[in-house]
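Residue strings, one per chain:
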Amino acid sequence: MDAVYTIVVPDRDLLSRLCGTNDSNLNLIEKHLGVPVFTHGNELSVADTDSDVTRLFRHVLDRLIDEAAAGFDIGPDLIESMFYKSGERDHRSLVADGIVVPGGLRKVYPKTSNQLAMIQAMRRYDMVFCTGPAGSGKTFLAVAEALRLLLSHEKSFLVLTRPVVEAGESLGYLPGDLEQKINPYLRPLFDAMNSLLPTSKIKKLTETGVIEAAPLAYMRGRTLNNSVIILDEAQNTTCEQMKMFLTRMGEGSKVFVTGDITQIDLPSRIPSGLVHAVRILGSISDIGTVAFDSTDVVRNPLVKKIIQAYENE
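In this convention, every chain numbers its residues from 1, walking through the sequence in written order. pLDDT decides what is reported in this predicted model: residues at 70 or higher carry local features, side-chain atom pairs at 80 or more are listed and counted, and totals for whole chains, interfaces and linings draw on all residues regardless. Calculated side-chain values reflect all of the structure's heavy atoms, with hydrogen atoms and water omitted.

A. Main features of the pattern of salt bridges. Salt bridges are defined by distance alone: a side-chain nitrogen of Lys or Arg within 4 Å of a carboxyl oxygen of Asp or Glu. Counted by the stated rule, this structure contains 10 salt bridges. The partner of K254 in a salt bridge is D126, with the nearest N and O atoms 3.7 Å apart. With K254 in strand β12 (residues 254-259) and D126 in the loop between α5 (113-124) and β8 (127-131), the pair connects residues that are 128 residues apart, well separated along the chain. A relative accessible area of 8% places K254 in the buried class. Close ionic contact of R187 with D191 constitutes a salt bridge, the shortest N to O distance being 3.2 Å. Of this pair, R187 and D191 both sit in helix α7 (residues 178-194), 4 residues apart, which is roughly one turn of that helix. It is possible to trace a salt-bridge network through shared partners that takes in R123, E145, R148 and E154. Under the scheme used here, helices are H or I runs from DSSP no shorter than 4 residues and strands are E runs no shorter than 2 residues, and both carry numbers assigned from the N terminus. Buried means the residue's accessible area, taken with a 1.4 Å probe over protein chains only, is under 20% of the maximum for its type, while exposed means over 50%, and partly exposed covers the values in between.

Okay, structure coming up:
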C-alpha cells in the first residue's frame, strides 16, 4: 500500500458523524479531494501522494470536528461549502477564511460562498454593505469579525447600533433608563456576541465602554476613531440617517452595514437609506458590497423554504 496520512478520531460517536450515513460524507470528501478516504478502527486516512491533498484533508477534518463540537450537523451542505472559493469549486483551495475570536468559545467558518465573500470583504475594505434575508448569517459574521478586530487589538472600540423603528413609539415613551429602553432593539447583536464570547467578558467590555450599544439617533455629532462600527437592520434607516451614520466614520475605523431590503418597516412614502446607499455608493472602489439570497440561509431549513416561497409569490 502507498504511504498514508492518518488522523485519529478518539470519539467513536464523532467518527460516525464525520463519516455520515453509509459513509456519505466520506464519499463526498473523496470526490473533492480526488483520492480515496478510508477508515480503520478509529482512524481516517488518505493516500499520502500529494502534500496539498494531505494539508487539505487535515483542514477539512479540523473544521468538521470544530463544527460538530459547536452543535452543527455534519452533512453534504456543510461539506460542499468547504470547497467553495469565490463561488467556484476548487479542490486545491479549502476555504480557510474562518474567524477566530481571541478567547472565544468557537471558531466561525463561512458556510456558503457569499458568507466567504462577506468575510473577505470585511478584511479588504473599511466599509462593507451586506444585504440579505433573515438567517443568512450577515449580522453574526459582522459581529464575529468585529470582535476579532477588537480582541486582537486591531481596533480599540466596538460600537453597535440599530435604528429604532417600532409601531410609532419612541424611546422617550418606553419605560426604564436608556439601557433598558434600547435593550430589545439591540438584543440580537448581544445574542451573537454571547455565542462567541463568555458572558462575563462581554459584560466587562461593556461596563468599561470598550463595547458600546446605542440607538442610531445617538450617533449624531460624533466622530468614531479606531473603532469597528456595526449598523444592523439598516433597511430601516432614512436616507438622512444613513448619511449621518456613514459620516461618523473616523480615522482608522471600519464600518459594517447589514440589512434585509425585503423587510423595510418605514412608512411606504419614505425611501430606505440602505437601498439608497447601496445604489449610489456601490460603484466606489473602496467600499465592499455583498448580497445574500435565500440559498445562503443557514438558520433552519424551514426558514429557507419560507423565504423562497415569498420570493416566488
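B. How the structure looks around unusual backbone geometry. Even without being a glycine, N22 presents a positive backbone phi close to 55°. Checked against the element boundaries, N22 lands in the loop between α1 (12-19) and α2 (24-33). For N22, a relative accessible area of 71% puts it in the exposed group. Of note, E233 is a non-glycine position whose phi angle comes to about 55°, a positive value. Of note, E233 is situated in the loop between β11 (227-231) and α9 (239-246).

C. How the structure looks around the packing of α9 against helix α10 (residues 273-281). To obtain an axis, a line is fitted to C-alpha atoms, over the contacting stretch when the element is a helix, and the angle between two such axes runs from 0 to 180 degrees between their N-to-C directions. Look at α9 against α10: their axes get within 8 Å of each other, and the N-to-C directions meet at 60°. When the interaxial angle is binned, α9 and α10 end up oblique. Seen from above, α9 lies across α10 with right-handed handedness. For the pair formed by α9 and α10, the contact residues are C239, M242 and L246 on the first element and G273, L274, H276, A277 and L281 on the second. Under the convention adopted here, Pro, Cys and the residues Ala, Val, Leu, Ile, Met, Phe, Trp and Tyr are nonpolar, Asp, Glu, Lys and Arg are charged, and Gly plus all remaining residues are polar. Here the residues of the contact of α9 with α10 sort into 6 nonpolar, 2 polar and no charged. Small angles under 35 degrees read as roughly parallel and large ones over 145 as roughly antiparallel, with 65 to 115 read as roughly perpendicular and the rest as oblique. Helix crossings get a hand from a simple test, with the near helix turned counterclockwise from the far one by less than a right angle marking a left-handed crossing and a clockwise turn marking a right-handed one. Throughout, a contact is declared for two residues whenever any of their heavy atoms are within 4.5 Å.

D. Fine view of the packing of α1 against helix α3 (residues 51-69). Interhelical geometry of α1 versus α3 gives an angle of 115° and a closest axis separation of 11 Å. Judged by the inter-axis angle, α1 sits roughly perpendicular to α3. In the crossing of α1 with α3, the sense of the turn from one axis to the other is right-handed. Residue-level contacts link L14, R17 and L18 of α1 to L61, L64, I65 and A68 of α3.

E. Structural detail: the sheet that holds strand β2 (residues 37-40). Pairing between strands is defined by DSSP: at least two bridges between the two strands are required. The strand order across the open sheet formed by 3 strands is β1-β3-β2, and the pairing between neighbours is antiparallel. Every other strand in the sheet has two partners, leaving β1 (4-8) and β2 as the edge strands with one partner each. Each strand of the sheet is rotated relative to its neighbour by a mean of 30°, with strand direction disregarded. In this structure, β1 lies alongside strand β3 (residues 43-47), joined through 5 bridges in antiparallel fashion.

F. Main features of α5. Between its first and last C-alpha atoms α5 spans 16 Å; for 12 residues at 1.5 Å apiece the expected length is 16 Å, and the two agree. Restricting attention to buried positions, one finds in α5 the residues Q115, L116, M118, I119, A121 and M122. One less than the number of residues in a helix, times 1.5 Å, gives the span that helix is expected to have.

G. Inspection of the environment of P184 at higher detail. Mapped onto the secondary structure, P184 falls in helix α7. For the pair P184 and V164, spaced 20 residues apart in sequence, the C-alpha separation works out to 9.9 Å.

H. A look at the side chain of T258. Here T258 is to be found in strand β12. Residue classification places T258 among the buried residues on the basis of a relative accessible area of 1%. In this structure the side chain of T258 is engaged in a polar contact, spanning 2.6 Å, whose partner is the side chain of D232. Within 3.5 Å is the distance limit for a polar contact, defined as a pair of N or O atoms, with the added protein rule that one can donate a hydrogen and the other accept it, and that residues adjacent in sequence qualify only through two side-chain atoms.

I. Expanded view of the environment of L246. Along the chain, L246 falls in helix α9. Exposure remark for L246: the relative accessible area of 13% places this residue in the buried category. Sequence separation of L246 and F256 is 10 residues, and the distance between their C-alpha atoms is 10.0 Å. Among residues more than four places away in sequence, those in contact with L246 are M127, F129, V255, V257 and L281.

J. Highlighting α1. Taken residue by residue, α1 has L14, L15, L18 and C19 as its buried positions. Viewed end-on, α1 has its buried residues packed into an arc of 135°, placing them on one side of the element. Packing partners of the buried residues in α1 comprise α2, β2, β3 and α3. Between the side-chain oxygen of the N-cap and the backbone nitrogen of D13 there are 2.8 Å, and the N-cap of α1 in question is D11. G20 occupies a position one or two residues after α1 and carries a positive phi of about 85°. Note that the arc is computed from the directions linking the helix axis to the C-beta atoms.

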